[in-house]
Amino acid sequence: MKKYGSYSLIKSLLFERIGGSKEELKAAKIIQEELKKDGIESHLEEFEIDSFEIMEAKLEVLEPKYKEYTVTGIGRSGSTPDEGIEAELVYIENGHDVNLENVEGKIVLVNAFYPLKLYKKLVEKKVAGIIALNGSVYDDPKKTDLHILAYRDKMVEAGRIPGVTLRIKDAHELVKSKASKARLTLKQEEMKKTSHNVVAEIKGTEYPERIVAFSAHYDSVRFSEGAYDNATGSATILEIARHFKKNPPKRTLKFVWCGSEEMGLLGSKAYVEKHQEELAKYELNINLDMTAVVLGYDIARCTTEMGLVNYINYLGKEVGFAIDASQGVYSSDSTPFADKGVPALSFARIAPRGGAEIHSRKDDDKFLDKDNYYETCKFIIGFSERMANSVIMPVERSIPENMRLELDYYLGIKERPEGPRRGF
């Protein structure tokens, strides 16, 4: 395929761009400039997000021996009194009911950033504070960052428990030393900020009232350039937009670069809410979340009926592109579309364990490859042409019952039945 240079967008976005920040807005304007070069008009759609600023976060072990540990505050978890919370410290492991006996008024240490079901239990048990873990016991603190986590809306709705995040390496020491009493201090301010979606449209030549939407998020997490996750996806839908600008589609195509995905899919949620009245015209959402990695394998995760899964697998065999399509809910911007009844799928190239890392300072462009990137673009464009130009959309416009249930589990609307305990 002819290469129009969309890969260069990845290089242009190599800076931290947290949802609602001036850097995220800078990234949005860079995307708009790239679209303008090809004569594609775009606009920004604002939406409001909940944000926070941590003023102080402190964890002190008081017994059996005093030691202060480096922590970060958990955003939107509230604040402690100025003097902090002084209480018994308990390690509750995976949150088994046995571990949750007599935890009222105590500071609890959990193995991971807790799922909603466990968090609700901790609220009910009236724990005084939470210590979440981050990283690996093998991390070098000089070469890794201690993430700043934040409660999602469902957690805030359940009730706020002041919390901090601790390195797993330090937690290992804390538990091994039998720390029994601690003081947790957290001060933070909460505020509203403005994030943006970048939206462009290419009008259909024959079926302008039928719409296919492409999406990808362009924000990153703290401490990360977000090259793989998700400057690559942002560049991929730019490549797709450029292709269809030169090869006008029969259907109308919407292109949405979503802000604040890393904060809970906020950009795509805002988009489907704002455009709810026209969603009946949307026949398919194609989301791009991470491509271009050298070591990896291509997937398509389809929140649709099985026909599309088979279609993509067959197409891969037909054109000689190795791809694994399956039914499921993908944790990115395809999910809010599917939740509103629009069949949706996400394409991604998944790195093997150790092949590339996301959500950290290690997510740069060193492990990406331009030629590999364009091969993935080529397949997705070929698939998209079939969808955009089909006489009748081959994807059934419905969300199957099993996928509706998975969406409800993912979005916290329903609780997944407990199976064999395998941790989190």
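Right, let's walk through the structure included here. It should be emphasised that the depicted structure is a prediction, and the values quoted were computed from it without experimental measurement. (Residues numbered from 1 in each chain as written. Predicted model: local features only at pLDDT ≥ 70, side-chain atom pairs only at ≥ 80, totals over all residues. Heavy atoms only, no water.)

Here the residue pair Glu 63 and Pro 64 is connected by a cis peptide bond, since its omega of 5° sits within 30 degrees of zero. Locating Pro 64 in the fold gives a position in the loop between strand S1 (42-63) and strand S2 (67-69). Of note, the bond from Asp 229 into Asn 230 is cis; its omega dihedral lies within 30 degrees of zero at 10°. Of note, Asn 230 is situated in helix H6 (residues 227-246). In this model, Ser 260 sits at a positive phi of 55°, which is unusual for a non-glycine residue. Exposure remark for Ser 260: the relative accessible area of 0% places this residue in the buried category. A positive phi angle is found at Ala 292, which is not glycine, with a value near 80°. As for its placement among the helices and strands, Ala 292 is situated in the loop between strand S11 (282-288) and strand S12 (297-303). (Helix = DSSP H or I, 4+ residues; strand = E, 2+ residues; numbered from the N terminus. Buried < 20%, exposed > 50% of the residue type's maximum accessible area, 1.4 Å probe, protein only.)

Within the secondary structure layout, Asp 289 lies in the loop between S11 and S12. One polar contact links Asp 289 to Tyr 330, side chain to side chain, over a distance of 3.1 Å. Asp 289 has contacts with His 217, Asp 229, Asn 230, Glu 261, Tyr 330, Ser 332, Phe 347 and Ala 348, leaving out every residue within four places of it along the chain. (Polar contact = N/O pair within 3.5 Å; in protein donor to acceptor, adjacent residues only side chain to side chain. Contact = heavy atoms within 4.5 Å.)

Below, the discussion takes up helix H2 (residues 22-37). In a regular helix each residue adds 1.5 Å, so 16 residues correspond to 22 Å; H2 covers 23 Å between its end C-alpha atoms and thus fits that length. Among the residues of H2, those classed as buried are Glu 24, Ala 27, Ala 28, Ile 30, Ile 31, Gln 32, Glu 34 and Leu 35. Among the structural elements, helix H1 (8-12), S1, strand S8 (181-202), H6 and strand S10 (251-258) are those in contact with the buried residues of H2. Trailing H2 by a residue or two, Gly 39 shows a phi angle of about 75°, which is positive. (Expected span 1.5 Å × (residues − 1).)

To continue, consider the packing of helix H8 (residues 306-319) against helix H10 (residues 370-388). Here H8 crosses H10 at 125°, and the two axes come no closer than 11 Å. In terms of their interaxial angle, H8 and H10 are classed as oblique. Every pair of crossing elements has a handedness; the one defined by H8 and H10 is right-handed. Every residue of H10 that contacts H8 at Leu 308, Tyr 311, Ile 312, Leu 315, Gly 316, Glu 318 and Val 319 is listed here: Phe 379, Phe 383, Arg 386 and Met 387. Residues that form the contact of H8 with H10 fall into these classes: 8 nonpolar, 1 polar and 2 charged. (Axes fitted to C-alpha atoms, helices over the stretch in contact; angles between N-to-C directions. Parallel < 35°, antiparallel > 145°, perpendicular 65-115°, else oblique. Left-handed = near helix turned anticlockwise from the far one by under 90°. Nonpolar A, V, L, I, M, F, W, Y, C, P; charged D, E, K, R; others polar.)

Moving on, we get to the nonpolar core. The biggest cluster of nonpolar side chains holds 64 residues, and the ones touching the most others in it are Trp 257, Leu 284, Ile 312, Leu 345, Phe 347 and Phe 383. In this view, Phe 347 contacts Ile 286, Asn 287, Leu 288, Asp 289, Ile 299, Ala 300, Ile 312, Ile 323, Phe 379, Ile 380 and Phe 383; residues no more than four positions away in its chain are not counted. Val 71, Ala 87, Leu 89 and Ala 128 belong to the second-largest nonpolar core, a separate cluster that totals 20 residues. (Core = buried A, V, L, I, M, F, W, Y, C linked by side-chain atoms within 4.5 Å.)

What follows deals with the packing of aromatic side chains. Each pair of aromatic rings is reported with the distance of its centres and the angle of its planes. Enumeration according to the criterion identifies 11 aromatic pairs in this entry. Ring centres of Phe 347 and Phe 379 lie 6.3 Å apart, and the angle between their planes is 80°; on these two criteria the pair is classed as edge-to-face. Here Phe 347, found in strand S14 (residues 344-350), pairs with Phe 379, found in helix H10; they are 32 residues apart in sequence, far enough to count as distant. Each member of the pair, Phe 347 as well as Phe 379, is classed as buried. (Phe/Tyr/Trp six-rings, centres within 6.5 Å; stacked < 30°, edge-to-face > 60°.)

From the geometry alone we can't say anything about function, so treat these as descriptive.
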